[in-house]
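Architecture and fold: a report
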Amino acid sequence: MAAGGHGFDGVERRGLMFVLSSPSGAGKTTLSRMLVAETPALKMSVSATTRPKRPGEVDGKDYFFVDQKRFDAMVNNGELLEWANVFDNRYGTPRAPVEAALAAGQDVLFDIDWQGTQQLRSRSPNDVVSVFILPPSVTALEQRLHTRAQDSDDVIRGRMRKAGDEMSHFDAYDYIIVNDNIGIAFEAVKSILRAEQLKRERQVGLSGFVRELQRQLEK
Ligand SMILES: Nc1ncnc2c1ncn2[C@@H]1O[C@H](COP(=O)(O)OP(=O)(O)OP(=O)(O)O)[C@@H](O)[C@H]1O
Ligand SMILES: Nc1nc2c(ncn2[C@@H]2O[C@H](COP(=O)(O)O)[C@@H](O)[C@H]2O)c(=O)[nH]1
């Protein structure tokens, strides 16, 4: 475990798994990108998916785009930390990069659905911090999917149909943010991450550090 907290001698921090979920179009990809841009130490988990690439998406950056056969092999070889069927495609989190980052005391950011969140939480209940993003209204959600202009009308209709089901899982999350103004929502996401990083139980070696401060006071 590397020093990932204050950087004071002997105080180190366990990496945490920071999960953003939402109905499609509520803004988690946007918020994830903003967070990674401003927090270089945060590692974004790049998922594998069988969904077709959207215009502008880059293999290995946005997703690892794989066919069904390769995805099955990843599942069977235990290469995925979690996986799920979402909107008629399969999505999963490659295990190795996440485990390496956590072992190095780095925080990892996940943009995954409620099924994946449930799987991560059951494996690592103390390390997962989950945030659910809600849209301010159904009209705004649909508008955002159209404005993004990356999915066909059919795909957008399908995602809107499933939004209610996705939202029904909000109560399994630690934090809820209504993403109306993106700047305000981003501030909220950052505050949650910072507060969770500072939780006492995530900081290893505090007792020794405080003992040393006390010893210096006794001199
Ligand atoms: N607060 C906001 N106000 C207006 N537009 C927004 C806001 N947040 C995000 N958007 C826009 O909405 C669209 C959908 O956002 P984004 O792709 O981040 O959603 P998502 O939750 O990641 O969706 P998916 O699950 O389909 O990947 C994008 O065009 C984004 O720029
Ligand atoms: N359980 C998982 N869900 C994932 C993963 N990667 C992405 N997702 C979720 O899928 C939908 C659709 O994403 P899109 O890029 O096609 O719009 C969205 O809810 C993502 O959060 C994953 O590895 N596991």
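Residues numbered from 1 in each chain as written. Chains lettered and ligands numbered in written order. Predicted model: local features only at pLDDT ≥ 70, side-chain atom pairs only at ≥ 80, totals over all residues. Heavy atoms only, no water.

1. Section: the site of ligand 2
For ligand 2, the set of nearby residues contains 17 residues, the closest of which are Ser47, Arg51, Tyr63, Tyr91 and Arg159. Take Arg54: an N or O atom from its side chain is 2.7 Å from an oxygen atom of ligand 2. Ile112 is positioned with one of its backbone polar atoms (N or O) 3.5 Å from an oxygen atom of ligand 2. When ligand 2 sits alone it has 510 Å² of accessible area, and the protein chains cover 96% of it. Looking at the shell around ligand 2, the elements that each hand over two or more residues are β6 (80–86) and β7 (89–94). By residue class, the composition of the shell around ligand 2 is six nonpolar, four polar and seven charged. (Near = heavy atom within 4 Å. Polar contact = N/O pair within 3.5 Å; in protein donor to acceptor, adjacent residues only side chain to side chain. Areas by Shrake-Rupley, 256 points an atom, 1.4 Å probe, with all protein chains shown as cover. Helix = DSSP H or I, 4+ residues; strand = E, 2+ residues; numbered from the N terminus. Nonpolar A, V, L, I, M, F, W, Y, C, P; charged D, E, K, R; others polar.)

2. A look at the UniProt feature "binding site: ATP" (unreviewed entry) in the protein
Cross-referencing UniProt, the feature "binding site: ATP" (unreviewed entry) maps to Ser22, Pro23, Ser24, Gly25, Ala26, Gly27, Lys28 and Thr29 in the present numbering. Here Ser24 is to be found in the loop between β2 (17–21) and α1 (28–38). Ser24 has contacts with Phe87, Leu141, Leu145, Arg148 and Arg159, leaving out every residue within four places of it along the chain. Of note is the side chain of Ser24, whose polar atom sits 3.0 Å from the side chain of Arg159. Within the fold, Gly25 resides in the loop between β2 and α1. Gly25 sits in the buried class, given a relative accessible area of 16%. Filtering out sequence-adjacent residues up to four positions away, Gly25 remains in contact with Leu141, Arg144 and Leu145. (UniProt positions renumbered as here; feature names shortened; annotations may be inferred. Contact = heavy atoms within 4.5 Å. Buried < 20%, exposed > 50% of the residue type's maximum accessible area, 1.4 Å probe, protein only.)

3. Examining the sheet that holds strand β4 (residues 48–49)
Pairing is mixed in the open sheet, where four strands are placed in the order β5-β4-β7-β6. Strands at the two margins of the open sheet, each flanked by one partner only, are β5 (64–65) and β6. One ladder, built from two bridges, connects β4 with β7; its direction is antiparallel. Residue Ala48 lies in a different strand from β7, and its bridge partner there is Gly92. Where helix α3 (residues 95–103) meets the sheet, its contacts fall on β6 and β7, and the angle it forms with β7 comes to roughly 30°. (Pairing = 2+ DSSP bridges. Axes fitted to C-alpha atoms, helices over the stretch in contact; angles between N-to-C directions.)

4. A word on the sheet that holds strand β3 (residues 43–44)
Taken in spatial order, the five strands make up an open sheet running β3-β8-β2-β9-β10, and their pairing is parallel. Two strands bound the open sheet, and with one partner strand each, they are β3 and β10 (175–178). Where β2 meets strand β9 (residues 128–134), five bridges bridge the pair, whose relative direction is parallel. Each residue of the ladder has a partner; that of Val19, found in β9, is Ser130. Its contacts with the sheet put α1 on β2, β3, β8 (108–111) and β9, and the angle it makes with β8 is roughly 165°.

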